[in-house]
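# Structure assessment
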2 protein chains.
Amino acid sequence: MAEKGTVLIGRKPAMSYVLAIITGMSSGDSKEITLKARGRAITTAVDVAEIVRNRFLKDLKISKISIGTEEIPPREGENRARMVSTMEITLSK
Amino acid sequence: MAEKGTVLIGRKPAMSYVLAIITGMSSGDSKEITLKARGRAITTAVDVAEIVRNRFLKDLKISKISIGTEEIPPREGENRARMVSTMEITLSK
């Protein structure tokens, strides 16, 4: 995990992140974990939160969901910054 | 719009839904609108909410975000129902 209590959701299959969260929540004394995603990974973040909560850690509640927008620097050959949507989902015991 | 105050987000480009929301919110006396999406369209729903709020109707607040899971009947040739993530975003004046 990138920082304490945070999982950055990217392009891996949802189950990789599910496993990371289950491990993180069972090992330490962490009481909450935040999933962060942007762009296409937002769908994966929702999948991960739902799988963890419905199949594995049924005592977890969704304590916060927020969405936002971030500016991404232009890619090579482009001259305009792009805006990308972001999402954060916090799960708590 | 499918029902009063609800927009179902599907596979069209985000701007089609943005336009539908701007029209809906300006014409009537509706004070809130809910975007509903599932699966891959969840990312589009977040994009739509952010574009409407940041570029067009800046007085709108996100009053509620919720996520869930729905069971989808099996496709032809498959024998298991699939689970799909859902999301609802409510924007209010």
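Just so we're clear, the structure is a prediction, and the values are computed from it rather than from any experiment.

Right, let's talk about the sheet that holds strand 3 (residues 61-72) of chain B for a bit. Taken together, 4 strands build an open sheet; the order of strands is 1-2-4-3 (chain B) and the sheet is mixed. Edge positions in the sheet fall to strand 1 (6-8) and strand 3 of chain B, since each has one partner strand and no second. For this sheet, the mean inter-axis angle between neighbouring strands, taken without regard to orientation, is 20°. Taken together, the 11 bridges between strand 3 of chain B and strand 4 (residues 82-92) of chain B define a ladder with antiparallel strand orientation. Looking at the pairing, Ile 65 of chain B lines up with Ile 89 of chain B of strand 4 of chain B. Lying on the sheet, helix 2 (residues 41-56) of chain A is in contact with strand 3 and strand 4 of chain B; it crosses strand 3 of chain B at an angle near 65°.

Core analysis: the biggest nonpolar cluster contains 52 residues, and Ile 89 of chain A together with Ile 89 of chain B have the highest contact counts within it. For Ile 89 of chain B, the residues in contact, after removing those within four places along its chain, are Ile 67 of chain A together with Ile 33, Thr 34, Leu 35, Ala 45, Val 46, Ala 49, Ile 62, Lys 64 and Ile 65 of chain B.

This next bit is on the relation of the copies chain A and chain B. Mapping one chain copy onto the other needs a rotation about an axis and a shift along that axis. The transform that puts chain A on chain B rotates by 180° and translates by 0.0 Å along the axis, for an RMSD of 0.0 Å. The superposition operator between the copies reduces to a two-fold rotation axis. Both copies share a contact surface, since 100% of the interface residues of chain A are interface residues in chain B too.

Attention now goes to the interface of chain A and chain B. Interfaces are often sized by the amount of accessible area the parts lose when they come together. Taken together, the 19 residues of chain A in the interface contact 20 residues of chain B. Each partner contributes to the roughly 1500 Å² buried at the junction of chain A and chain B, and carbon and sulfur atoms together form 59% of this total. By the criterion of area lost to chain B, the three top residues of chain A are Arg 40, Thr 43 and Ile 67 of chain A, representing 37% of everything that side buries. Our count for the contact surface shared by chain A and chain B stands at 0 salt bridges. Examining the composition of the side of chain A that touches chain B, we find that 7 residues originate from one element, helix 2 of chain A, more than from any other. Of the residues contributing to the side of chain A that touches chain B, the split by class is 8 nonpolar, 8 polar and 3 charged.

Right, let's get into the pattern of salt bridges. Residues and elements named next belong to chain B. The full count for this structure, using the stated rule, is 7 salt bridges over all chains. We note a salt bridge from Glu 50 to Arg 53, for which the minimum N-O separation is 3.0 Å. With a gap of 3 residues between them, Glu 50 and Arg 53 both fall in helix 2 (residues 41-56), about one helical turn apart. Glu 50 gets classed as buried once you look at its relative accessible area, which sits at 4%. The partner of Arg 75 in a salt bridge is Glu 78, and the shortest N-O contact between them spans 3.8 Å. According to the relative accessible area criterion, Arg 75 is partly exposed, its value standing at 48%. A relative accessible area of 36% means that Glu 78 is categorised as partly exposed.

Procedures and definitions
Residues numbered from 1 in each chain as written. Chains lettered and ligands numbered in written order. Predicted model: local features only at pLDDT ≥ 70, side-chain atom pairs only at ≥ 80, totals over all residues. Heavy atoms only, no water. Pairing = 2+ DSSP bridges. Helix = DSSP H or I, 4+ residues; strand = E, 2+ residues; numbered from the N terminus. Axes fitted to C-alpha atoms, helices over the stretch in contact; angles between N-to-C directions. Contact = heavy atoms within 4.5 Å. Core = buried A, V, L, I, M, F, W, Y, C linked by side-chain atoms within 4.5 Å. Buried < 20%, exposed > 50% of the residue type's maximum accessible area, 1.4 Å probe, protein only. Least-squares fit on C-alpha atoms with pLDDT ≥ 70 in both. Buried area = accessible area lost by both parts, 1.4 Å probe. Salt bridge = Lys/Arg side-chain N within 4 Å of Asp/Glu carboxyl O. Nonpolar A, V, L, I, M, F, W, Y, C, P; charged D, E, K, R; others polar.

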